[in-house]
Amino acid sequence: MNLHELLRAVESFDAVDQPAERIAQRIRRALDGSVVDDLLRGSWLGHPVHPLLVTVPIGSWVSAAALDALPGQRDASRRLVAMGLAAAVPTIVTGYADFSALEDVPQRRVGAVHAVSNAIGVISMATSYRARRARRDRAGTVWTLIGLGAVGVGGALGGHLSYAQGGGVYRWQRPSESVDLAAELEDIGAKR
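Residues numbered from 1 in each chain as written. Predicted model: local features only at pLDDT ≥ 70, side-chain atom pairs only at ≥ 80, totals over all residues. Heavy atoms only, no water.

Q: When you look at the packing of helix H5 (residues 55-68) against helix H6 (residues 74-100) in this model, what are you seeing that I'm missing?
A: The relative placement of two packed helices comes down to the angle between their axes together with the axis-to-axis distance. The contact between H5 and H6 brings their axes to 7 Å, and the two run at 165°. On the basis of their axis angle, the class for H5 and H6 is roughly antiparallel. The handedness of the crossing between H5 and H6 comes out as left-handed. Side by side, H5 and H6 meet where Val-56, Pro-57, Ser-60, Trp-61, Ser-63, Ala-64, Leu-67 and Asp-68 of the first sit next to Arg-74, Ala-76, Ser-77, Leu-80, Val-81, Met-83, Gly-84, Leu-85, Ala-87, Ala-88 and Thr-91 of the second. (Axes fitted to C-alpha atoms, helices over the stretch in contact; angles between N-to-C directions. Helix = DSSP H or I, 4+ residues; strand = E, 2+ residues; numbered from the N terminus. Parallel < 35°, antiparallel > 145°, perpendicular 65-115°, else oblique. Left-handed = near helix turned anticlockwise from the far one by under 90°. Contact = heavy atoms within 4.5 Å.)

What follows is the structure in structure tokens.
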């Protein structure tokens with residue numbers, strides 16, 4: 001099984017349907033029609049905010065892992081892990097706002113597994129930070145690597161949700177006049 005098939009298999013993971021539906025409905029009820037909803041989901045920008053925000057925690061954590069390989073950089077690594085954790089908060093909030101608007105069941109399944117994988121990553125990074133604060137730097141490094149693995153899986157699923165499934169595509173904008181959307185969608189369907 002190649003990676004693309006593995007990502008597509010998540011679309012059939014129906015064990016997440018009920019909890020994902022309940023979570024999405026609760027968030028949608030809380031946000032629906034509000035200024036906060038528009039702010040979190042990026043209507044003011046013309047596309048979702050969540051993909052922009054993910055760069056900060058991921059960049060911080062990758063940088064921490066790189067600095068772990070250099071002598072004398074443990075404090076800088078710890079600070080980068082902490083910065084990534086702080087940046088994860090708005091990233092998670094905007095991700096859940098986007099998730100709550102997904103109506104397509106396979107998209108919601110992928111979104112739910114994406115969220116769980118990233119939660120494992122964030123928990124691992126929090127564990128890394130605690131270990132680093134206690135001067136258990138090797139354990140902190142290991143937890144950072146575990147967290148990056150989980151966030152990597154989550155990122156692959158987020159990419160699949162966006163690019164293969166079209167989650168959130170053209171939410172606030174019409175496609176360019178030069179794009180024949182019907183033909184593009186038909187071509188995508190033929191490739192599946």
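Q: Please clarify how the nonpolar core should be interpreted in this entry.
A: Looking at soluble globular proteins, one finds that nonpolar side chains tend to be buried together. Formed by Leu-7, Val-10, Val-16, Ala-20, Ala-24, Phe-99, Leu-102, Val-110, Ala-112, Val-113, Leu-157 and Leu-161, the largest nonpolar core amounts to 12 residues. Secondary-structure elements contributing two or more residues to this core are helix H1 (3-10), helix H2 (17-31), helix H7 (105-133) and helix H8 (137-164). The element best represented in this core is H7, accounting for 3 residues. If you look at the next biggest cluster of nonpolar residues, it comprises 9 residues, including Ala-64, Leu-67, Val-81 and Val-151. (Core = buried A, V, L, I, M, F, W, Y, C linked by side-chain atoms within 4.5 Å. Buried < 20%, exposed > 50% of the residue type's maximum accessible area, 1.4 Å probe, protein only.)

Q: What should I look at first to understand the pattern of salt bridges in this one?
A: Any two side chains of opposite charge can pair, so long as their charged atoms come close to each other. Evaluated as defined, the whole model comprises 9 salt bridges. Between Arg-132 and Asp-68 there is a salt bridge whose closest N-O contact spans 2.7 Å. Of this pair, Arg-132 sits in helix H7 while Asp-68 is found in helix H5, placing the two residues 64 residues apart along the sequence. On the basis of relative accessible area, Asp-68 is assigned to the buried category, the value being 10%. What emerges from the salt-bridge pattern is a single network uniting Arg-28, Asp-32, Asp-37 and Arg-41. (Salt bridge = Lys/Arg side-chain N within 4 Å of Asp/Glu carboxyl O.)

Q: What am I meant to see in the UniProt feature "transmembrane region" (unreviewed entry) in the protein chain here?
A: UniProt records the feature "transmembrane region" (unreviewed entry) at residues 80-99, 111-129 and 141-163, using the numbering of this structure. Note that residues 111-129 is 100% helix and 0% strand, and that its end C-alpha atoms are spaced 27 Å apart. Taken end to end, residues 141-163 is 100% helix and 0% strand, and its first and last C-alpha atoms sit 32 Å apart. (UniProt positions renumbered as here; feature names shortened; annotations may be inferred.)

Q: What should I look at first to understand the environment of Ala-20 in this one?
A: With respect to the helices, strands and loops of the structure, Ala-20 is situated in helix H2. Each C-alpha atom, one on Ala-20 and one on Val-113, is 9.4 Å from the other, the two residues being 93 residues apart in sequence. If we skip the residues at most four places from it in the chain, Ala-20 touches Phe-99, Arg-108 and Ala-112.

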